[in-house]
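These are the residues of each chain, in order.
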2 protein chains.
Amino acid sequence: MDSTDVIAYMNRVGAAARGAAAAMAAASTAAKNQALSLLAAKLEAHRPLLAAANQLDLDRAAANGLEGPLLDRLKLDAKSLATVAEGCVQLAAMPDPIGEILNVRRRPTGISVGQMRVPLGVFGMIYESRPNVTIEAASLAIKSGNACILRGGSEAINSNVALARLVREALLEAGLPADGVQLVETTDRAAVGRLIAMPEFVDVIIPRGGKGLIERISAEAKVPVIKHLDGNCHTYVDAEFDLEQALVVTDNAKTQKYSPCNATESLLVHRDAAMAFLPRIGEIFARKSVEMRCDAAAKAILADVPGAKVVDAVESDWSEEYLAPIISVKVVADLDEAIAHINRYSSHHTEAILTTNHPNAMRFLREVDSASVMVNASTRFADGFEYGLGAEIGISTDKFHARGPVGLEGLTSLKYIVLGQGEIRR
Amino acid sequence: MDSTDVIAYMNRVGAAARGAAAAMAAASTAAKNQALSLLAAKLEAHRPLLAAANQLDLDRAAANGLEGPLLDRLKLDAKSLATVAEGCVQLAAMPDPIGEILNVRRRPTGISVGQMRVPLGVFGMIYESRPNVTIEAASLAIKSGNACILRGGSEAINSNVALARLVREALLEAGLPADGVQLVETTDRAAVGRLIAMPEFVDVIIPRGGKGLIERISAEAKVPVIKHLDGNCHTYVDAEFDLEQALVVTDNAKTQKYSPCNATESLLVHRDAAMAFLPRIGEIFARKSVEMRCDAAAKAILADVPGAKVVDAVESDWSEEYLAPIISVKVVADLDEAIAHINRYSSHHTEAILTTNHPNAMRFLREVDSASVMVNASTRFADGFEYGLGAEIGISTDKFHARGPVGLEGLTSLKYIVLGQGEIRR
């Protein structure tokens with residue numbers, strides 16, 4: 001396709017999505033759940049077909065020199081298929097968010113005013129070469145009554161085409177429009193440029209990928225973007241605290257896994273807690289080869305810990321998302337300094353206070369301006385499944401519309417409903 | 001100021017707003033309510049000062065040839081001051097939206113997960129020459145814990161400067177930062193261009209004004225915009241209906257006032273209701289000199305009504321917001337056609353069905369894709385005060401974030417809170 005053809009193709013895809021959106025929105029709960037159950041069954045039944053499609057992608061990727069985690073992410077094996085199929089089954093079992101009626105109140109004029117939850121309409125999902133995201137996004141679209149347009153990474157195109165075909169079969173068999181879920185079948189990059197700039201067809205864009213990609217999409221999009229930039233998460237150890245608990249939680253927040261966006265990247269310690277806490281956590285980090293980038297006060301205490309990798313922090317360390325066995329460490333004078341530091345340097349993703357002081361816990365909850373704020377828990381809990389959302393389409397570091405882990409509700413909006421008996425405005 | 005100076009000035013205003021936002025967010029309910037009460041008292045106490053400032057604006061406007069409603073809107077008389085002061089008193093009496101904690105649930109891991117309502121941060125308000133909006137926006141900012149930057153029409157600059165000074169005095173006397181509410185004191189248009197393009201200082205823009213202005217702001221803004229475009233509202237009279245009630249409601253929806261955005265602009269009538277309903281409503285419209293732009297079926301019935309102004313509708317009539325004694329009229333075959341017509345031509349503001357049929361009422365509520373959907377009530381009810389929001393900063397015709405009348409909650413967002421006892425992620 002040349003670029004004119006790509007635009008025309010995307011316009012057709014967009015118009016088809018908009019056309020399917022009304023039927024998706026009006027779909028019965030039973031039909032949506034049936035489509036999800038059928039999809040789960042098809043994913044199991046068509047394993048050989050999916051494996052063959054995936055092998056084409058894997059072979060080409062290997063030929064292009066892809067290796068390690070990048071190649072792993074591309075893999076669609078029996079285990080990952082079983083996981084996404086199980087996700088569809090779980091989603092079918094969840095309550096339908098659409099049609100929920102809330103806050104109905106009688107007004108002095110006689111009318112009753114409330115709100116009804118409805119789908120956003122059409123969402124566009126842009127993601128990298130993880131074919132399982134195709135099913136996750138499609139199943140969330142079905143349950144939330146939205147139409148969606150999926151644009152996966154080009155390395156996974158054969159896998160995604162095979163998966164999308166099963167989704168569309170499941171939709172049709174459940175009496176829903178196949179165009180409720182469409183995959184962009186061209187790998188031309190112009191397709192992304194068009195997808196994010198057609199408000200007449202697409203209501204919201206959800207990108208998943210590196211920070212550079214997401215910043216570019218946000219800058220160029222003509223529709224709202226539910227975006228997740230970085231996760232520079234903080235754990236703050238307060239003056240009054242439970243030492244053994246703080247060690248376990250801080251260790252977990254940093255080292256349980258290094259790569260997730262909710263891992264702690266910066267440790268703040270009250271100066272009255274520093275002498276008791278820092279040498280002990282320093283030992284743990286030393287044993288796990290976690291490098292500590294310290295301010296002067298923290299360095300003075302940590303330098304003596306045997307085997308500790310202690311480095312002077314520079315200004316940029318306070319903003320950095322390492323996603324690696326590195327943590328920045330700072331001693332603060334009080335809770336005010338901790339909150340001010342976090343609100344200045346954090347990416348507004350997730351922050352935790354470890355304290356036994358109730359007023360301080362409440363102030364931290366109120367005043368820290370991040371999507372998730374925790375008391376005495378590991379920042380690693382910031383996750384749609386851990387929060388009980390049932391499914392997660394992404395994490396928003398914005399404040400507008402959805403904030404934090406985004407589940408089915410983030411794909412909906414509330415419209416007002418008014419129930420009258422012939423009332424008029426005076 | 002030259003344009004470089006304007007940018008530098010707006011950057012100072014922006015930085016001051018961002019600096020004040022944390023204190024506004026953390027402000028106690030008592031301090032916010034005190035600021036509102038003080039402001040109400042000052043508006044009454046300083047009437048002569050405000051009248052003098054307003055007279056400067058009125059004299060210049062008259063000299064520039066402004067007249068009629070435009071001049072009226074600019075007027076800040078005793079009555080309009082009493083109204084905005086009363087608004088401040090009412091807002092002080094409302095519950096504080098900030099700090100509300102919702103949906104706290106214990107998870108299997110032991111953590112409790114909930115949500116806390118917090119301010120958005122800083123909003124920018126761009127409006128025309130109605131000085132009362134300065135107080136409405138400032139008081140909503142105070143109650144919702146946001147900082148705000150106000151940019152009113154240049155014709156009202158002296159009035160706005162005087163009003164903003166009282167707001168800032170009230171903030172200071174209540175122990176809150178004066179920069180919680182700032183007025184842009186230059187009338188240079190470059191200030192608007194900068195205000196809508198500094199995401200580092202401003203979280204959301206709320207424009208009020210003509211459609212052209214709002215479209216331009218939306219196209220150029222680098223932050224989210226809570227926007228209200230037009231109100232092409234529909235009233236649909238179903239096959240089974242209460243004739244006398246339908247006449248009263250339809251009359252009210254169209255003729256109670258012609259200029260509001262929630263007035264009905266298009267009347268749809270089921271073909272089985274047309275012979276009974278159209279001649280009667282046609283008489284009412286004829287008496288009130290409301291022009292009817294009709295499809296062929298409606299025209300055939302209405303043409304015989306004595307004195308009726310009946311005109312052939314053209315395609316563009318179905319999309320038009322008249323804000324005048326004109327209504328488009330169409331006969332439809334069934335509910336499906338009515339819903340399809342509305343979802344195609346409406347501006348997604350407000351639509352009503354007049355019916356005695358329950359399944360049809362429920363389908364209309366579910367399937368009509370507008371911010372407000374009503375059964376047996378006048379579309380004129382679509383309003384923040386009528387809905388019980390207590391105050392209205394605008395009406396959103398978007399689906400993202402806030403939809404329909406936007407009150408205090410539209411200026412807030414929900415962050416997740418996690419309460420633990422040392423839990424870690426396994």
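Here the residue numbering is sequential within each chain, running from 1 through the sequence in written order. Naming scheme: in the order in which they are written, chains are lettered from A and ligands are numbered from 1. Only residues with pLDDT of 70 or above have their local features reported here, since the model is predicted, and side-chain atom pairs are shown and tallied only from 80 upward, although totals for entire chains, interfaces and linings are computed over all residues. Here the side-chain values reflect all heavy atoms present in the structure, with hydrogen atoms and water set aside.

Definition in use: UniProt positions are given in the numbering used here, feature names are shortened, and annotations may be inferred rather than shown by experiment.
The name an unreviewed UniProt entry gives chain A is Gamma-glutamyl phosphate reductase, with Sphaerotilus hippei as the organism. Per UniProt, chain A has the following entry under Sequence similarities (unreviewed entry): "Belongs to the gamma-glutamyl phosphate reductase family." We quote the UniProt Catalytic activity (unreviewed entry) comment for chain A here in full: "L-glutamate 5-semialdehyde + phosphate + NADP(+) = L-glutamyl 5-phosphate + NADPH + H(+)".

1. Considering the overall build of chain A
Filter applied, for reference: The helix and strand labels rest on DSSP assignments: H or I over at least four residues marks a helix, E over at least two residues marks a strand, and numbering proceeds from the N terminus. Only C-alpha atoms enter the radius of gyration, while the globule expectation follows 2.2 Å times N to the 0.38, with N the number of residues. Burial classes: relative accessible area under 20% of the type maximum marks a residue as buried, over 50% as exposed, and values in between as partly exposed (1.4 Å probe, protein chains only).
Counting its secondary structure elements, chain A contains 14 helices and 16 strands. In terms of overall size, chain A behaves like a compact globule, its C-alpha atoms giving a radius of gyration of 24 Å where 426 residues would be expected to give roughly 22 Å. Principal-axis analysis of the C-alpha atoms gives chain A an extent of 75 × 70 × 40 Å. A buried classification covers 58% of the 426 residues belonging to chain A.

2. Let's talk about the packing of aromatic side chains
To keep it simple, the criterion reads: Pairing of aromatic rings covers Phe, Tyr and Trp, the last through its six-membered ring, and needs centres within 6.5 Å; plane angles under 30 degrees mean stacked, over 60 mean edge-to-face, and all others mean tilted. Lysine NZ or arginine CZ positioned within 6 Å of the ring centre and within 35 degrees of the ring normal marks a charge as sitting over the ring.
A complete count under the given rule lists six aromatic pairs over all chains for this structure. Ring geometry for A:Tyr416 versus B:Tyr387: centroids 4.8 Å apart, planes at 40 degrees, classification tilted. With A:Tyr416 in strand β16 (residues 412–423) and B:Tyr387 in the loop between β13 (372–377) and β14 (394–396), the pair connects residues from two separate chains. Looking at A:Tyr416, the relative accessible area reads 8%, which means it is buried. With a relative accessible area of 6%, B:Tyr387 lands in the buried category. We note A:Lys330 situated over the ring of A:Trp318; from NZ or CZ to the ring centre the distance is 5.6 Å.

3. Considering the sheet that holds strand β5 (residues 181–183) of chain B
Residues and elements named next belong to chain B. Our working definition: Whether two strands pair depends on DSSP finding at least two bridges between them. All axes are obtained by fitting lines to C-alpha atoms, using only the stretch in contact for helices, and the reported angles, taken between N-to-C directions, cover 0 to 180 degrees.
A sheet is described by the order of its strands in space; here four strands give the open sequence β5-β4-β3-β6, paired in parallel fashion. Looking at the sheet topology across the chains shown, the edges are occupied by β5 and β6 (204–207). Strand-to-strand twist across the sheet, computed as the mean angle between neighbouring axes with direction ignored, equals 20 degrees. In terms of strand pairing, strand β3 (residues 122–126) meets strand β4 (residues 147–151) through five bridges, oriented parallel. Looking at β4, one finds that Phe 123 is bridged to Cys 148.

4. Things to note about the interface of chain B and chain A
Stated precisely, the cut-off is as follows: The criterion used for residue contact is that any of the two residues' heavy atoms lie within 4.5 Å. As a working definition, buried area equals the accessible area (1.4 Å probe) given up by two parts on being put together, with both sides summed. In the sections that follow, a salt bridge refers to a side-chain nitrogen of Lys or Arg positioned within 4 Å of a carboxyl oxygen of Asp or Glu. Counting of polar contacts relies on pairs of N or O atoms within 3.5 Å, with two restrictions inside protein: one atom must be capable of donating a hydrogen and the other of accepting it, and residues adjacent in sequence are counted only when both atoms are side-chain atoms. Gly is placed with the polar residues, together with every amino acid not listed as nonpolar (Ala, Val, Leu, Ile, Met, Phe, Trp, Tyr, Cys and Pro) or charged (Asp, Glu, Lys and Arg).
Listed per partner, the contact involves 61 residues of chain B and 61 residues of chain A. Carbon and sulfur atoms make up 59% of the area that chain B and chain A hide from each other, which totals about 5200 Å². Looking at the side of chain B facing chain A, the largest losses of area belong to B:Phe400, B:Tyr416 and B:Arg425, adding up to 18% of the total buried there. At the surface where chain B touches chain A, the tally comes to three salt bridges. Between B:Arg425 and A:Asp383 there is a salt bridge; the shortest N-O distance is 4.0 Å. Connecting chain B to chain A are 39 residue pairs in polar contact (both at pLDDT 80 or more). Among the secondary structure elements, those contributing two or more residues to the side of chain B that touches chain A are β2 (112–119), α10 (243–255), α14 (358–367), β13, β15 (404–406) and β16 (412–423) of chain B. Among the elements that make up the side of chain B that touches chain A, the one with the highest residue count is β16(B) (11 residues). For the side of chain B that touches chain A, a count of residues per class yields 31 nonpolar, 17 polar and 13 charged. In this sheet, β16(B) lies alongside strand β13 (residues 372–377) of chain A in parallel orientation, the contact comprising five bridges. Opposite A:Val373, over in β16(B), you have B:Ile417 as the bridge partner.

5. Some points on the nonpolar core
Spelled out, the test is: Throughout, nonpolar core names a set of buried Ala, Val, Leu, Ile, Met, Phe, Trp, Tyr and Cys residues whose side chains join them through atoms within 4.5 Å.
Ranked by size, the top nonpolar core spans 106 residues in total, and within it A:Leu43 and B:Leu43 carry the most contacts. If sequence neighbours within four positions are ignored, B:Leu43 has contacts with B:Leu50, B:Leu81, B:Val84, B:Ala85, B:Cys88, B:Ile135, B:Leu163 and B:Leu166.

6. A word on the UniProt feature "domain: Aldehyde dehydrogenase" (unreviewed entry) in chain A
Residues and elements named next belong to chain A. The feature "domain: Aldehyde dehydrogenase" (unreviewed entry), as annotated in UniProt, sits at residues 12–287 and 318–382 in this numbering. For residues 12–287, the end-to-end C-alpha separation is 58 Å, with 54% helix and 16% strand making up the annotated structure. As annotated, residues 318–382 comprises 32% helix and 28% strand, and the C-alpha atoms at either end are separated by 21 Å.

7. Regarding helix α7 (residues 157–173) of chain B
Residue and element names in this part refer to chain B. As a reminder of what qualifies: Any helix carries an expected span of 1.5 Å times its number of residues minus one.
Compared with an ideal rise of 1.5 Å per residue, which puts 17 residues at 24 Å, α7 spans 24 Å between its outermost C-alpha atoms and is within 8% of the ideal. Residues Ile 157, Ser 159, Asn 160, Val 161, Ala 162, Leu 163, Ala 164, Leu 166, Val 167, Ala 170 and Leu 171 constitute the buried set of α7. Turning to α7, the residues buried within the fold contact α1 (3–26), α2 (29–45), α3 (47–63), α5 (78–93), α6 (132–144) and β5.

8. Quick look at the pattern of salt bridges
Tallying each qualifying case throughout the model produces 55 salt bridges over all chains. One salt bridge in this structure joins B:Asp57 and B:Arg60, with 3.9 Å as the shortest N-O distance. Here B:Arg60 and B:Asp57 lie together in helix α3, a separation of three residues that amounts to about one turn. Using a relative accessible area of 0% as the deciding quantity, one classes B:Asp57 as buried. Its salt-bridge partner being B:Arg403, residue B:Asp369 comes within 2.9 Å of it at the nearest N-O pair. With B:Asp369 in the loop between α14 and β13 and B:Arg403 in the loop between β14 and β15, this residue pair connects regions lying 34 residues apart in the sequence. On the basis of relative accessible area, B:Asp369 is assigned to the partly exposed category, the value being 24%. Connected through shared salt-bridge partners, A:Lys42, A:Glu169 and A:Glu173 make up one network.

9. Side note on the packing of helix α5 (residues 78–93) of chain A against helix α6 (residues 132–144) of chain A
Residues and elements named next belong to chain A. Applicable threshold: Roughly parallel covers angles under 35 degrees, roughly antiparallel covers those over 145, roughly perpendicular covers 65 to 115, and oblique covers all other angles.
At a minimum axis separation of 10 Å, α5 and α6 run at an interaxial angle of 10 degrees. Accordingly, the angle class assigned to the pair α5 and α6 is roughly parallel. Within the contact between the two elements, α5 uses Val 84, Cys 88, Leu 91 and Ala 92 and α6 uses Asn 132, Ile 135, Glu 136, Ser 139, Leu 140 and Lys 143. Of the residues contributing to the contact of α5 with α6, the split by class is six nonpolar, two polar and two charged.

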